Structures are given as C-alpha cells and as structure tokens.
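Summary of the model geometry
Read off the chains here:
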Amino acid sequence: MENTFTVAVRAPFKEAVRLTRESLAAHGFDIMSDSDFAAQLGASAPDWMLGYRILGTCNTALAGEAMELDRAIGVAVPCNVVIREDPGGAVSVIEALNPESLVDLAGQEQLAQVVSRTSDGLQAAMHALSESAGPV
C-alpha cells in the first residue's frame with residue numbers, strides 16, 4: 001500500500017492549487033482547512049515556502065459514515081493534500097495522504113470498506129488532476 005498518492009503537473013503553483021481544489025471537489029471532497037505557511041510566517045518565510053500549501057480535505061459523507069462505526073476515526077480527518085512548486089515554477093507536485101495508511105483496520109471490515117472508498121476517491125481526484133493539467 002502506498003502512503004501517499006503523488007502527481008506532478010505542468011502548471012505553475014497558483015494554477016495547481018486551483019486545479020487541485022477543483023479535482024477534489026469534483027470527487028466529493030470539501031476543503032476543511034487551507035494552510036499557507038508562508039503567509040503565516042510573513043517576511044521570515046524561506047523562499048521555497050512561497051510555493052507550498054497544505055489543504056485539509058474531507059469527504060464529509062464518508063467521514064460521517066466512518067465516525068458512526070468508530071468515533072476515534074476523527075483523528076485521521078481531514079486528509080492532507082500538499083501542493084508544492086518545484087524549483088523553476090513550471091511544474092507543481094501534488095501529494096495526498098492515503099487514508100488507509102493511518103488506520104489499523106484489523107477486524108473492522110465495515111470501517112475498512114469506508115476508508116477504502118475514501119482512499120479510492122482521493123486517488124481518483126489525483127488521477128483526474130494529472131489528466132486535466134497534463135502530467136509531467
């Protein structure tokens with residue numbers, strides 16, 4: 001099992017953020033948080049951080065279903081998606097955490113199915129993003 005789903009696209013950072021948000025929404029994921037560390041750090045932010053965002057994303061229907069089965073699953077919500085600009089600015093890398101890598105599902109078949117569907121949705125969003133933005 002992969003711990004992350006990763007795609008590289010030929011798009012500058014701001015465009016990659018927009019495309020990522022659109023792909024996630026098209027696959028049922030809401031943005032719960034948008035962490036722009038460079039904005040938080042202001043002038044003290046290192047240059048490489050100017051093209052680095054972390055989106056906390058969640059398929060709320062699936063998360064609700066999972067929480068009905070195991071209330072502690074909330075520690076794994078939201079799933080983080082990182083958008084980062086590679087040096088040069090023509091390529092952006094998008095990485096999503098595979099929810100299956102966070103949850104010990106031994107003996108929890110129903111929960112395993114929900115987490116697997118969440119993982120499938122994130123993977124589909126990443127694939128669609130790669131297809132729409134032009135893979136590297």
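Just above sits the structure.
Calculation notes
Residues numbered from 1 in each chain as written. Predicted model: local features only at pLDDT ≥ 70, side-chain atom pairs only at ≥ 80, totals over all residues. Heavy atoms only, no water. Helix = DSSP H or I, 4+ residues; strand = E, 2+ residues; numbered from the N terminus. Axes fitted to C-alpha atoms, helices over the stretch in contact; angles between N-to-C directions. Parallel < 35°, antiparallel > 145°, perpendicular 65-115°, else oblique. Left-handed = near helix turned anticlockwise from the far one by under 90°. Contact = heavy atoms within 4.5 Å. Pairing = 2+ DSSP bridges. Buried < 20%, exposed > 50% of the residue type's maximum accessible area, 1.4 Å probe, protein only. Arc of directions from axis to C-beta.

Side note on unusual backbone geometry
Between Val77 and Pro78 the backbone carries a cis peptide bond, its omega angle lying at 0°. Looking at where Pro78 falls in the secondary structure, it is placed in the loop between α3 (60–69) and β4 (79–85).

Quick word on the packing of helix α1 (residues 13–26) against helix α4 (residues 109–133)
The geometry of α1 relative to α4 is characterised by a closest axis approach of 9 Å and an angle of 135° between their N-to-C directions. One finds that α1 runs oblique with respect to α4. The interaxial crossing formed by α1 with α4 has right-handed handedness. Each of Leu19, Thr20, Ser23 and Leu24 in α1 lies in contact with α4, whose residues at this interface are Leu122, Ala125, Ala128, Leu129 and Ala133.

Re the sheet that holds strand β2 (residues 30–35)
Reading across the sheet, the five strands line up as β1-β5-β4-β3-β2 and stay open at both edges, with antiparallel pairing between neighbours. The sheet is open, and its two borders are formed by β1 (4–9) and β2, each paired with just one other strand. Within this sheet the neighbouring strands show an average axis-to-axis angle of 20°, counted without direction. Here α4 sits on the sheet in contact with β1, β3 (52–58), β4 and β5 (92–97), set at roughly 10° to β1.

Quick look at α3
For α3, every residue scored as buried is listed here: Leu62, Ala63 and Ala66. Looking straight down α3, one finds that the buried residues subtend no more than 100° of arc, so they occupy a single side. In α3, the exposed residues that point more than 90 degrees away from the buried face are Ala61 and Glu68. For α3, the secondary structure elements touched by its buried residues are β3 and α4.

Interpretation in functional terms is not warranted from these geometric data alone.
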